[in-house]
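Okay, here's what each chain looks like letter by letter:
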Amino acid sequence: MTGIRELVKPDRVHRSVYLDESIFEMEMERIYGRAWIYVGHASQVPEPGDFLTTRIGRQPVVLSRHEDGEIYVLFNRCGHRGAVVCNEAHGNARHFRCCYHGWTFHLNGLIKAVPLQAGYSRDVDFDDPSLGMVRVPRTDTHRGFVFASLAPDGPTLAEYLGPMTRKIDDICDRSPAGEVEVTGGVHRYEFPGNWKAQMENLNDLYHVPHSHESTTSGGRQFRRTGTATGSRLTRKDGSPISFWDRTGVWAFDGGHSYCGRMPDAGPVSREEHPDYVAALEARLGPERAAEVLDADWHNAIIYPNLGLQSMAQHIRVIRPISVDRTEVLVYPMKLRDAPDVLNRTVIRYLNVTHAAASLIQTDDLEAFGRLQRGLPADGSEWVFLGRGLGAEQPLEDDFGYRSEGTHELPLRNQYREWLSYMGEGAN
Ligand code: FES
Ligand SMILES: [Fe+2]
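Because the structure is predicted, anything quoted here is derived from the model rather than measured. Here the residue numbers are simple positions, counted from 1 along each chain's written sequence. As they are written, the chains are lettered A onward and the ligands numbered 1 onward, keeping that order. Reporting of local features is limited, given that this is a predicted model, to residues whose pLDDT is at least 70; pairs of side-chain atoms are given and counted only at 80 or more, and all residues count toward the totals for whole chains, interfaces and linings.

Some words on the overall build of the protein
No. 1: Put simply, DSSP H or I for four residues or longer makes a helix, DSSP E for two residues or longer makes a strand, and each gets a number counted from the N terminus. When helices and strands are tallied, the protein shows 14 helices and 24 strands.
No. 2: Expected size for 427 residues packed as a compact globule is a radius of gyration near 22 Å; at 23 Å, the protein falls within 12% of this value.
No. 3: Along the first, second and third principal axes, the C-alpha atoms of the protein reach 80 × 60 × 45 Å.
No. 4: The burial label depends on the number of other C-beta atoms within 10 Å of a residue's C-beta. Counts of 20 or more mean buried, 12 or fewer mean exposed, and intermediate counts mean partly exposed, with C-beta atoms placed from the backbone. Every one of the 427 residues in the protein was classed for burial, and the buried ones make up 43%. Two things to know: the radius of gyration comes from C-alpha atoms, and the globule rule equals 2.2 Å times the number of residues to the power 0.38.

And the structure:
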């Protein structure tokens, strides 16, 4: 392998970033081991004793709500001999008990009980956190969105999120209570490809009219199902590519980006939900209420593992498994105190668009698998990301750039960040 810095050029990346296992290992250490990683949402663990298990990169962790009401992120590892302690995806527990020798831990990770403790020397300090389920070095929350970092030092979460904070706020502010609830279930799928394929795809509008032609060009698939749910994405006249260019893409430091609102994404009907709109206006003022109801963005990426979508309102979590296998979880975001019908629409729409067997998500999964199969082919070792290179316009307010919707600015922006994580100390 050549040096890491040789793998990323201004307009292309070397295929080994998708194929080389040693690069994947390095990503887990240098990117997932340093960045703020989205772990879960507070509403998934509302009561003391609630927990969910997930991963930061490939490190197993538990997100738990302790009796003190606080949220903790713990390595899912027994302080005795290292077994995974929590084996369930989520649940409620009085304590965590390791299956191997029965060591028991509080939901904040400290030891609660050790069987036959008298057999240990008096010098052993069972209050030592390192004998418990150890807390990850840093945890922080923005409006219920829990992030953790395996690095003891680095930017604060607020610094890390930068202008993306506003995207989280936009969704939360659609709730009359100012809170989202991640209580609507999950779509979970794996695909035979590299995790970056999913991250790149989220703000890649170049693919939409092609990969999703059966949806965007008159909505044939949706019409076949007899549901009107998909009509917000379809256009009777098809979707000329210029249409997608006009939506725009915005890219920021940290690998973050978002794309402009989908062409036919209508706002919530003010006529159908006057009380709801009035409640938002009372809390936010008419201007901000209009801004969040008609959000001017579609997909927002918080690099490296989180996507938010404003229209099919969801959280998407990317969990790398290996260089050629990735797990993705799609959670609907319900709006606290909003009309039931609105929340039900979010779930129903997501079932049709983003479930593993849905009418849209499957198109992307097919492409991700084909990338992984095609990249090893001889002919070229490079992946070309040059669309719109040089056309970026600097933004006035935030440090960042805007470009036409189908430009590959967000992808190049991710590789700029990738290189700054991966290239540190490298040749
Ligand atoms: S490994 Fe957990 S109690 Fe022994
Ligand atoms: Fe897609």
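Moving on, there is more to tell.
Looking at the pairing of strand 15 (residues 249-252)
No. 1: Burial of strand 15 is two-sided: the residues Val 249 and Ala 251 facing one way and the residues Trp 250 and Phe 252 facing the other way are all buried.
No. 2: A pair of strands is treated as paired once DSSP finds two or more bridges between them. Sheet analysis places strand 15 next to strand 16 (residues 257-260), joined by 3 bridges and oriented antiparallel. Across the sheet, the residue bridging to Trp 250 is Tyr 258, located in strand 16.
No. 3: Here strand 15 hands over to strand 16 after 4 residues, with Gly 254 in that stretch at a positive phi of 90°.
No. 4: In this structure, strand 15 lies alongside strand 24 (residues 400-403), joined through 4 bridges in antiparallel fashion. By the bridge assignment, Trp 250 is partnered in strand 24 with Arg 402.

As for the sheet that holds strand 9 (residues 104-105)
No. 1: Judged by pairing direction, the sheet is antiparallel, and its 3 strands sit side by side in the order 8-9-10 without closing on themselves. Two strands close off the open sheet at either side, each with one partner strand: strand 8 (96-97) and strand 10 (111-113).
No. 2: Where strand 8 meets strand 9, 2 bridges bridge the pair, whose relative direction is antiparallel. Counted as the bridge partner of Arg 97 is Thr 104 from strand 9.

With respect to the pairing of strand 19 (residues 314-322)
Every other side chain in a regular strand lies on the same face of the sheet, so the side chains alternate between the two faces.
No. 1: Inspection of the sheet shows strand 18 (residues 306-309) paired to strand 19 by 4 bridges, in the antiparallel sense. Bridge pairing in strand 19 links Gln 309 to His 314.
No. 2: Here strand 19 pairs with strand 20 (residues 325-332) via 8 bridges, running antiparallel. Along strand 20, the bridge assignment pairs Ile 315 with Tyr 331.

Some details on the domain arrangement of the protein
The extent of an interface is frequently quoted as the accessible surface area lost upon association of the parts.
No. 1: Delimitation of the domains relies on an automatic or database domain assignment. Each assigned domain of the protein is listed here: domain 1 (37-149) and domain 2 (158-422).
No. 2: With 3 residues, the top contributor of residues to the side of domain 1 that touches domain 2 is strand 3 (residues 37-41).
No. 3: Residues are grouped as follows: Ala, Val, Leu, Ile, Met, Phe, Trp, Tyr, Cys and Pro are nonpolar; Asp, Glu, Lys and Arg are charged; all remaining types, including Gly, are polar. Looking at the side of domain 1 that touches domain 2, its residues break down into 3 nonpolar, 6 polar and 2 charged.

Considering unusual backbone geometry
No. 1: Between Tyr 303 and the following residue, Pro 304, the backbone shows a cis peptide bond with an omega angle of 10°.
No. 2: By the secondary structure assignment, Pro 304 is in the loop between strand 17 (297-302) and strand 18.
No. 3: A positive phi is found at Arg 143, a non-glycine position, where the angle reads about 50°.
No. 4: For Arg 143, the location among the structural elements is in the loop between strand 11 (138-142) and strand 12 (145-149).

Description of the nonpolar core
No. 1: Counting residues in each nonpolar core, the largest one holds 95 residues, and the members touching the most others are Ile 37, Val 39, Val 61, Leu 63 and Val 73.
No. 2: If one sorts the elements of this core by residue count, helix 14 (residues 409-422) sits on top with 6 residues.
No. 3: Each of domain 1 (37-149) and domain 2 (158-422) gives at least three residues to this core.
No. 4: Contact between two residues is assigned whenever their backbone-derived C-beta positions fall within 7 Å. Apart from residues lying up to four places away in sequence, Ile 37 is in contact with Tyr 32, Ile 56, Phe 147, Ala 148, Ser 149 and Asn 305.
No. 5: Grouped together as the second largest cluster of nonpolar side chains are 5 residues, Phe 191, Ala 197, Phe 368 and Leu 371 included. Buried Ala, Val, Leu, Ile, Met, Phe, Trp, Tyr and Cys residues whose C-beta atoms connect them within 7 Å together make up a nonpolar core.

Quick look at the environment of Thr 326
No. 1: With respect to the secondary-structure elements, Thr 326 resides in strand 20.
No. 2: Each C-alpha atom, one on Thr 326 and one on Ala 197, is 9.3 Å from the other, the two residues being 129 residues apart in sequence.
No. 3: Setting aside chain neighbours within four positions, we find Thr 326 in contact with Glu 190, Phe 191, Gly 193, Asn 194, Trp 195, Gln 198, Ile 318, Pro 320 and Ile 321.

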